[in-house]
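Here is what each chain is made of, one letter per residue.
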Amino acid sequence: MRVVVVGGTGQLGRELVRALPGADTVALSRAQLDLTTAPAVAPRLAALAPSVVVNAAADNRVDAAERDPAPALAVNALGVAALAEACRATGALLVHMSTDYVFDGRAARSYTEDDPPNPLGAYARSKLEGERLVQALAPRHAVVRVAGLYAAGGSGFVDRVLARARASRRLRVVHDQVTAPTWARDVATALARLLPRLLAGDAPGGIYHMTNAGACSWYEFACTALALAGVDAEIEPITSAELAAPAPRPAYSVLANTRLAAIGEPPLRSWRDALAAYLAD
């Protein structure tokens, strides 16, 4: 199984490289494969001859996309289309990473893979368009939705909260947005188990949700991170309206990992256990 990880230097890409067999895994940074340069995608993949391509590349600048959607569309939709067409030409399996933001957050229960998406903002619409292009253009594909992803590197939510707290800066975190924050390492571990099954046809393609178990608000998540890290800081719960971010966020975007359970894959651990392990790592 030769795997090419597009976006291989991002937070999920780095964890995938760690979880997959090194000799058979190629990680491509944006400099090595820029999805906004669509004509370069097919020859690059053809030269590498992968059996699986995992697309972990994305433009995740949610608020910037609301002001100017073109860059997000270039990576999250048009670039994905180029990947899907390249995988169709070579027969490679395309595993495309997507997001809980494709839902509007108005549900009273966790979203399953069969629930109809209804994105609220420009970033979310670009990600849904990417999903649809994968489904339309890549005969062999899986779309994997994650939520609240964090990893080491200093730019994720957990690291930002801890850095601000240690610098005695004011912390204000929304309490009316609920999700299932997920450690990228747990997603990578689960994907490393799933990829051979998808490739062999032992697991069906289509959409999968892959998140740590449970749910919490971003405020609860931040408070738990501070407590586990032993950092004493004041944190103020605020509403999304008070935050006044340019892009709308879903109020409730918890994903039910229904299809993973249906094929006998073990559930990802709870978000609390994952956060504790992340901070201890």
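A brief report on the enclosed structure follows. All figures in this text were calculated on a predicted structure; none of them were measured in a lab.

Along the protein chain, the regular secondary structure elements total 11 helices and 12 strands. Computed over the C-alpha atoms, the radius of gyration of the protein chain is 18 Å, within 12% of the 19 Å expected from 2.2 N^0.38 for a compact globule of 281 residues. In terms of overall dimensions, the protein chain has C-alpha extents of about 55 × 35 × 35 Å along its principal axes. Out of the 281 residues belonging to the protein chain, those deemed buried represent 51%. Taking the contacts inside the protein chain whose residues are at least 6 apart along the sequence as the reference set, 80% of them involve residues at least 24 apart.

For the structure on display, the rule yields 14 salt bridges. One salt bridge connects R30 with D34, and the closest N-O pair in it is separated by 3.5 Å. For D34, a relative accessible area of 23% translates into the label partly exposed. Through salt bridges that share partners, R193, R197, D202 and E265 make up one connected network.

With that settled, the discussion passes to the packing of aromatic side chains. By the definition in use, this model includes nine aromatic pairs. Here the aromatic rings of Y150 and F221 are separated by 5.6 Å at their centres, their planes lie at 50 degrees, and the arrangement is tilted. Residue Y150 is located in strand β6 (residues 149–150), and its partner F221 is located in helix α8 (residues 218–229); the two are separated by 71 residues in the primary sequence. As far as the burial class goes, Y150 and F221 line up, both buried. With centroids separated by 5.7 Å and ring planes inclined at 75 degrees, the aromatic side chains of W183 and Y278 adopt a geometry described as edge-to-face. Taken together, the positions of W183 in strand β9 (residues 182–183) and Y278 in helix α11 (residues 271–280) put the pair 95 residues apart, joining distant regions of the chain. Residue class for W183 comes out buried when judged on its relative accessible area of 3%. Here a set of aromatic residues connected by ring pairs shows up, and it is made of Y150, F157, W183, W218, F221, W271 and Y278.

This part takes up the sheet that holds strand β2 (residues 25–28). Across the sheet, which stays open at both edges, the six strands sit in the order β2-β1-β3-β4-β5-β10 with parallel pairing between neighbours. Whereas interior strands pair on both sides, the edge strands pair on one side only; in this sheet they are β2 and β10 (206–209). Direction aside, the axes of adjacent strands within the sheet are offset by 20 degrees on average. Sheet topology note: the strand β5 (residues 141–146)/β10 ladder contains four bridges and is parallel. Paired with V143 across the strands is I207, a residue of β10. Contacts from helix α7 (residues 184–200) reach β1 (3–6), β3 (52–55), β4 (93–99), β5 and β10 within the one sheet, and its direction differs from that of β4 by about 145 degrees.

In helix packing, the relevant descriptors are the interaxial angle and the interaxial distance, both defined with respect to the helix axes. Following both chains from N to C, one finds helix α2 (residues 41–48) and helix α4 (residues 70–90) inclined at 40 degrees, their axes separated by 9 Å at the closest point. For the element pair α2 / α4, the angle class is oblique. Remark: the crossing between α2 and α4 carries right-handed chirality. Of the residues in α4, those in contact with V41, A42, L45 and A46 of α2 are A82, L83, A86, C87 and T90.

What follows concerns the packing of helix α6 (residues 157–166) against α8. Packing of α6 against α8 leaves a shortest axis separation of 10 Å and a crossing angle of 65 degrees. Here α6 and α8 pass one another in a crossing that is right-handed. Residues F157, V158, V161, L162, A165 and R166 of α6 touch α8, and the partners they reach there are W218, F221, A222, A225, L226 and A229. Among the residues forming the contact of α6 with α8, the class breakdown is 11 nonpolar, no polar and one charged.

Procedures and definitions
Residues numbered from 1 in each chain as written. Predicted model: local features only at pLDDT ≥ 70, side-chain atom pairs only at ≥ 80, totals over all residues. Heavy atoms only, no water. Helix = DSSP H or I, 4+ residues; strand = E, 2+ residues; numbered from the N terminus. Rg over C-alpha atoms; globule rule 2.2 N^0.38 Å. Buried < 20%, exposed > 50% of the residue type's maximum accessible area, 1.4 Å probe, protein only. Contact = heavy atoms within 4.5 Å. Salt bridge = Lys/Arg side-chain N within 4 Å of Asp/Glu carboxyl O. Phe/Tyr/Trp six-rings, centres within 6.5 Å; stacked < 30°, edge-to-face > 60°. Pairing = 2+ DSSP bridges. Axes fitted to C-alpha atoms, helices over the stretch in contact; angles between N-to-C directions. Parallel < 35°, antiparallel > 145°, perpendicular 65-115°, else oblique. Left-handed = near helix turned anticlockwise from the far one by under 90°. Nonpolar A, V, L, I, M, F, W, Y, C, P; charged D, E, K, R; others polar.

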